[in-house]
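An overview of the molecular structure
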Amino acid sequence: MDVELRAPRVGEVEVVAELKAVVMRDDLERLGRYDEVRVRQRLRDEFSEVYSSVIVRGEDIVGSLTVRPYGGGLKVEHLYLDPRHQGRGIGSRVLREVLARADAEGVDVRLTVLRGSAVRGLYERYGFVVEDEDPIDVHMVRVPAASA
């Protein structure tokens, strides 16, 4: 698979904001939470030159990833893949890299998914369990493999 993570370039936050809007639209509409402006602005506000990466295939951006330090562990804040590239193992590959880092550091990984989102199954396959949930979000955690 010829994909790689790289640092975002100037202006690519807009590409990633649009990607998020496309990826999240169905789930947010199902929950009555879709807002054309807000979905993009939240990504812009949280995008980080330090913690965010773009997932590229050749010269094309096919996804994005943001992982920040959080409470002594890591938090996956954004992992989005262009729908045309979903189901090809790219998300699993990227997630495995994050989890390998967490295991090497001996730290938990946390993330949040929207209630009813199909991506929850991916995270459960990699050992994430529900830590807490509310009417909109499901907060999940995965402990390091060595202490699981």
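As a starting point, this report considers the structure included with it. What you see is a predicted model; the values in this text were computed from it and never measured. (Residues numbered from 1 in each chain as written. Predicted model: local features only at pLDDT ≥ 70, side-chain atom pairs only at ≥ 80, totals over all residues. Heavy atoms only, no water.)

**Overview of the overall build of the protein chain**
Assigned secondary structure in the protein chain consists of four helices and seven strands. Helices (α) and strands (β) of the protein chain occur, in sequence order from the N terminus, as β-α-α-β-β-β-α-β-α-β-β. With respect to the three principal axes, the spread of C-alpha positions in the protein chain is 40 × 35 × 30 Å. Sequence separation of at least 24 residues holds for 57% of the intrachain contacts in the protein chain that already meet a minimum separation of 6. Taken as a whole, the protein chain presents about 8,100 Å² of accessible surface, with 48% of it coming from carbon and sulfur. (Helix = DSSP H or I, 4+ residues; strand = E, 2+ residues; numbered from the N terminus. Contact = heavy atoms within 4.5 Å. Areas by Shrake-Rupley, 256 points an atom, 1.4 Å probe, with all protein chains shown as cover.)

**Observations regarding the pattern of salt bridges**
Under the counting rule described, the total for this entry stands at 18 salt bridges. The partner of Arg6 in a salt bridge is Glu12, with the nearest N and O atoms 2.8 Å apart. Neither Arg6 nor Glu12 differs from the other in exposure class; each is buried. With a shortest N-O distance of 3.0 Å, Arg25 and Glu36 are connected by a salt bridge. In this pair, Arg25 sits in helix α1 (residues 12-30) while Glu36 sits in helix α2 (residues 36-46), placing the two residues eleven residues apart along the sequence. Connected via shared salt-bridge partners are Glu18, Arg25, Glu29, Glu36 and Arg40. (Salt bridge = Lys/Arg side-chain N within 4 Å of Asp/Glu carboxyl O. Buried < 20%, exposed > 50% of the residue type's maximum accessible area, 1.4 Å probe, protein only.)

**Description of the environment of Val119**
Inspection of the secondary structure assignment puts Val119 in helix α4 (residues 119-125). Sequence separation between Val119 and Gly91 is 28 residues; the distance between their C-alpha atoms is 9.8 Å.

**Side note on the packing of aromatic side chains**
For the coordinates displayed, the defined rule picks out one aromatic pair. Its end group placed over the ring of Tyr70, Lys75 keeps NZ or CZ at 5.0 Å from the ring centre. (Phe/Tyr/Trp six-rings, centres within 6.5 Å; stacked < 30°, edge-to-face > 60°. Lys NZ or Arg CZ within 6 Å of the ring centre and 35° of its normal.)

**Some details on the packing of α1 against α2**
At their nearest, the axes of α1 and α2 sit 8 Å apart, and the two run at 130° to each other. The angle between α1 and α2 falls in the class oblique. The two elements α1 and α2 cross, and the hand of that crossing is right-handed. Where α1 abuts α2, its residues Val13, Glu14, Val16, Ala17, Glu18, Lys20, Ala21, Met24, Arg25 and Leu28 lie against Glu36, Val39, Arg40, Arg42, Leu43 and Arg44. Here the contact of α1 with α2 is composed, by residue class, of eight nonpolar, no polar and eight charged. (Axes fitted to C-alpha atoms, helices over the stretch in contact; angles between N-to-C directions. Parallel < 35°, antiparallel > 145°, perpendicular 65-115°, else oblique. Left-handed = near helix turned anticlockwise from the far one by under 90°. Nonpolar A, V, L, I, M, F, W, Y, C, P; charged D, E, K, R; others polar.)

**A few points about the nonpolar core**
Of all hydrophobic cores here, the largest spans 24 residues; its most connected members are Ile55, Val76, Val109, Tyr123 and Phe128. For this core, the secondary-structure elements that each account for two or more residues are β3 (60-70), β4 (73-81), α3 (90-105), β5 (109-114), α4 and β7 (137-142). Of the residues forming this core, the biggest block, six residues, is contributed by α3. Leave out the neighbours within four places in its chain, and Val109 touches Leu74, Val76, Val98, Leu99, Ala102, Phe128, Met140, Val141 and Arg142. Residues Met24, Val39, Val54 and Leu114 belong to the second largest nonpolar core, which totals 15 residues. (Core = buried A, V, L, I, M, F, W, Y, C linked by side-chain atoms within 4.5 Å.)

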